[in-house]
Amino acid sequence: MDTPSSLGRTIRTAGLLASLLVLSGCAAAPNATAPSAAPAPSPTASAASDGHGVDGGSASEVSSPASALIIGDENGGITLLDLATETRESLRAGEGDADSIQSDGRFVYVTHADRAAVDVIDTARWTVPHGDHTHSFRGEPRLVGTLAGDGDLVVTAGEQRAALQFPGEFLVISHEELAHEELTPEADALAEIERRPSDATGPIVPFADHLLIPTADTSIEIADADGAPLSGEGMPCTDVTDADVTRVGVVFACAEGAVLFTREVGGAVVGESIPTPHGAPAPTQLSGRADRPDLAGIAGDRGAWLLDVRARAWTLLPSDVPLVAAVAIGDDESRTIVLDSEGRVRILDPTGEVLVRTEPLLAASVADPSTRERVRLIVDAQHVYVSDPASGAVYELDHRDSLHITRTFADLDPWFLQLVG
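Residues numbered from 1 in each chain as written. Predicted model: local features only at pLDDT ≥ 70, side-chain atom pairs only at ≥ 80, totals over all residues. Heavy atoms only, no water.

**Some points on the overall build of the chain**
Thinking step 1. Across its full length, the chain holds three helices and 36 strands.
Thinking step 2. For the chain, the residues scored as buried account for 53% of the 421 residues in total.
Thinking step 3. Residue pairs at least 24 apart in sequence account for 51% of intrachain contacts in the chain once pairs closer than 6 positions are excluded.
Thinking step 4. For the chain, the computed accessible surface area is about 17100 Å², with 49% contributed by carbon and sulfur atoms. (Helix = DSSP H or I, 4+ residues; strand = E, 2+ residues; numbered from the N terminus. Buried < 20%, exposed > 50% of the residue type's maximum accessible area, 1.4 Å probe, protein only. Contact = heavy atoms within 4.5 Å. Areas by Shrake-Rupley, 256 points an atom, 1.4 Å probe, with all protein chains shown as cover.)

**Brief notes about the environment of S387**
Thinking step 1. Take S387: it is sitting in strand 33 (residues 383-388).
Thinking step 2. Accessibility expressed as a relative area gives 0% for S387, which makes it buried.
Thinking step 3. Beyond its immediate stretch of four places on either side in the chain, S387 contacts L362, R374, V375, R376, A393, V394, P414 and L417.

**A word on the state of the cysteines**
Thinking step 1. Under the criterion given, the structure shown has one disulfide.
Thinking step 2. Between C237 and C254 runs a disulfide, and the two sulfur atoms are separated by 2.3 Å. Across the S-S bond linking C237 and C254, the dihedral sits near -115 degrees, which makes this disulfide left-handed. In this pair, C237 is assigned in the loop between strand 20 (235-236) and strand 21 (242-245) and C254 in strand 22 (residues 250-254), connecting sequence segments 17 residues apart.
Thinking step 3. With a relative accessible area of 4%, C254 lands in the buried category. (Disulfide = S-S within 2.5 Å.)

**Quick notes on the pattern of salt bridges**
Thinking step 1. Following the criterion strictly, the structure yields 20 salt bridges and no others.
Thinking step 2. The partner of E169 in a salt bridge is R195, with the nearest N and O atoms 3.3 Å apart. Note that E169 is positioned in strand 15 (residues 169-174) and R195 in the loop between helix 1 (175-179) and strand 16 (196-197), a separation of 26 residues in sequence.
Thinking step 3. Overall, E169 belongs to the partly exposed group, its relative accessible area being 24%.
Thinking step 4. On the basis of relative accessibility, which here comes to 29%, the residue R195 falls in the partly exposed class. (Salt bridge = Lys/Arg side-chain N within 4 Å of Asp/Glu carboxyl O.)

These figures come from the coordinates and say nothing about function on their own.
Here it is in structure tokens:
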């Protein structure tokens, strides 16, 4: 199974196999410990283009994000938990044959070392930023098909696309193109996606009709859509460990701190370095709320780093106890959510002051290294979702209301957690 990380961590696969399968799902009873849920978002009249150039294919546009948690268990079972209705739908039965699970925020990738395959599941829930507003879609989840490849697979999301890297090659999956495919066993759309050679040493990110490709452990090249480097383009960035798409642009985490790539008027992509100040190690992972301008990461044993991408500025948030995870809310108050080594969830202000903290909810999970690496911390506009592998639960906390636990989703085996919609 995978370890907690951004979308750019490796997952295991090998060999050669291609097939298409039919996805079947079943709903389980809602969590009995949770309060009444809000009504589900209602679809609009059309599932086609909405007149703004945003097309959901066979999915319907809905009035608000159709948020759901994707939960993967130790045996490879995948459950979709609808956050409006609290219903649970099995997207894949746990058969003990999954080597790891990854996601790009919409599609889920389940690898199988024993049969050399990567199953690709479309959750059919996503939101597209569109200037000063967004468009949200919801369709029927399905197993799209199976990919083949040798060695470790790296999955990195970028603008409704995902770059999938195998050693020596990569391919780019377009969410929009797959949404329009009428998939049958005789027409495997995944098998038709072109694979290109690559010597990338970090996560490849699709951005603004270009590809951003870390190379030789020392720089990030700007390439065209086919992966051909643009002459003279690129930025120094040593030992790239992570990449995140923010409202401002793409941020890579590296030994120097971060490198930001933005799109200029006219379509050109430019990069700039944002080095961390002296005093604490640069973070190896950066996390933030989707489509927001802030990111956060662990600053060694000193606390957390908050990166204001708009201001190109780092702030060290000191902590009196070691931190396990950090994620930026990305609001006007520049708050950061962290999980400490005692199992408490905290909200920090821009100076590192603790505004509020919980009881040690995850004490057992963070005390055991085997479960600590499975704990996930995810933030949306109102809530924090944190997985507790030791107790088999996922907690929903309101970060606008003193981290009050609003719901507990029990009877789970949360080895993997992702928010979609």
